[in-house]
Amino acid sequence: MTRFAVGDRVQVLALRKEGHVRIPYYVRNHAGCVTEYCGTYLNPEDLAVGKTSGPAVDLYRVAFVQRLLWPDDVIPAQDTLVIEIYDHWLTPAQDTDHAP
Amino acid sequence: MQDDKGSKGYHDVGGDPAGEIPKVELPWLHWEKQVEAIRGLLGDGTRRIVSLDEVRRGFESFGIDKYNSLSFYRRRLEAMTDILIEKGIVTQAELDSAIKAGTTRWSDLDETP
């Protein structure tokens, strides 16, 4: 059983982790919508320091409204950015942004 | 840089102003393919000697000047050798001597009429 299902609203955490992370700065603290569950993968933060023993973590594909990520740019309202985010970087969204 | 979103590495440039995107197809050079082939072998599921994420951690530790001065595959190559040395899989002396031997071999070929 995964923590999130397709359609769930999630918010990206700002975990302040040092070292190699795969969650870009521009998406942290933003809310999006889970579009797909990708399966479990070894955590790249562990792999980056040679730890290959796991545990494997859930990975989700999450869509964000582009206009909310880049408020200074002229972007069609329906445009979304989809990136893959590991479970420990996500929390249920508290915001009221429109779902993409 | 550290704020309420945590740190932003120099490699984490998504959304930064970057000017015009050069729309030219670059050739994929032979040595670049070799770098990628060796990286693939080092990181595959049976060997797990150096993972892609270790390589990324390597070039994310270069410092911004070195990072910006190197091409995509040069970064991967330098980071890969850094990690191999860090893990004690090869020594700096072994690497230096292999580079010297390779350089000599190719120089000799260049001089062949």
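Residues numbered from 1 in each chain as written. Chains lettered and ligands numbered in written order. Predicted model: local features only at pLDDT ≥ 70, side-chain atom pairs only at ≥ 80, totals over all residues.

**Observations regarding helix 4 (residues 72-86) of chain B**
Residues and elements named next belong to chain B.
- With 15 residues, helix 4 extends 21 Å from end C-alpha to end C-alpha; this agrees with the ideal 21 Å at 1.5 Å per step.
- Here helix 4 has its buried residues at Arg-75, Arg-76, Leu-77, Ala-79, Met-80, Ile-83 and Leu-84.
- Where helix 4 is buried, its residues touch helix 1 (30-43), helix 2 (52-59) and helix 3 (64-69).
- Positive phi appears at Gly-88, one or two residues downstream of helix 4, with a value of about 75°. (Helix = DSSP H or I, 4+ residues; strand = E, 2+ residues; numbered from the N terminus. Expected span 1.5 Å × (residues − 1). Buried ≥ 20, exposed ≤ 12 C-beta atoms within 10 Å, placed from the backbone. Contact = placed C-beta atoms within 7 Å.)

**Side note on the sheet that holds strand 1 (residues 9-12) of chain A**
All names here are of chain A.
- Spatial strand order, 4-3-2-1-5: 5 strands in an open sheet with antiparallel pairing. Only two strands of the sheet have a single neighbouring strand rather than two, namely strand 4 (80-86) and strand 5 (90-92). For this sheet the average axis-to-axis angle between neighbouring strands, irrespective of direction, equals 40°.
- Relative to strand 2 (residues 31-42), strand 1 is paired through 3 bridges, and the arrangement is antiparallel. (Pairing = 2+ DSSP bridges. Axes fitted to C-alpha atoms, helices over the stretch in contact; angles between N-to-C directions.)

**A closer look at the nonpolar core**
- Among the nonpolar cores identified, the biggest contains 18 residues, and A:Val12, A:Ile23, A:Tyr60, A:Val62, A:Ile85 and A:Leu90 are the most heavily contacted of them.
- Those elements that place two or more of their residues in this core are strand 1, strand 2 and strand 3 (56-65) of chain A.
- Setting aside anything within four residues of it in sequence, one finds A:Val12 in contact with A:Ile23, A:Val27, A:Arg28, A:Asn29, A:His30, A:Ile85, A:Trp89 and A:Leu90.
- Listed in part, the 8 residues of the second largest apolar core include B:Phe59, B:Leu77, B:Ala79 and B:Met80. (Core = buried A, V, L, I, M, F, W, Y, C linked by C-beta atoms within 7 Å.)

**Side note on the interface of chain B and chain A**
- Counting residues at the interface gives 15 residues for chain B, matched by 17 residues for chain A.
- Counting residues per element, the side of chain B that touches chain A draws most heavily on helix 2 of chain B, which supplies 4 residues.

**Considerations on the pairing of strand 3 of chain A**
All names here are of chain A.
- Examined bridge by bridge, strand 2 and strand 3 share 8 bridges and lie antiparallel to one another. Among the inter-strand pairings, Leu-42 is bridged to a residue of strand 3, identified as Ala-56.
- Pairing of strand 3 with strand 4 involves 7 bridges; the strand directions are antiparallel. Residue pairing across strands places Val-62 opposite Ile-83, the latter belonging to strand 4.

**Observations regarding the packing of helix 2 of chain B against helix 4 of chain B**
Residues and elements named next belong to chain B.
- Relative to each other, helix 2 and helix 4 sit at 105°, their axes nearing to 8 Å. The angle between the axes of helix 2 and helix 4 places the two elements in the roughly perpendicular class. Mapping the contact onto sequence places Glu-54, Val-55, Gly-58 and Phe-59 in helix 2 and Arg-75, Arg-76, Glu-78, Ala-79, Met-80, Asp-82 and Ile-83 in helix 4.
- For the contact of helix 2 with helix 4, a count of residues per class yields 5 nonpolar, 1 polar and 5 charged. (Parallel < 35°, antiparallel > 145°, perpendicular 65-115°, else oblique. Nonpolar A, V, L, I, M, F, W, Y, C, P; charged D, E, K, R; others polar.)

**Describing the packing of helix 1 of chain B against helix 4 of chain B**
All names here are of chain B.
- Interaxial distance between helix 1 and helix 4 falls to 10 Å at its minimum, and their mutual angle equals 40°. Relative to helix 4, the element helix 1 is oriented oblique. Our pair here, helix 1 against helix 4, has a crossing hand that is left-handed. Every residue of helix 4 that contacts helix 1 at Glu-32, Val-35, Arg-39 and Leu-42 is listed here: Tyr-73, Arg-76, Leu-77 and Met-80.
- Residue composition of the contact of helix 1 with helix 4, by class: 5 nonpolar, no polar and 3 charged. (Left-handed = near helix turned anticlockwise from the far one by under 90°.)

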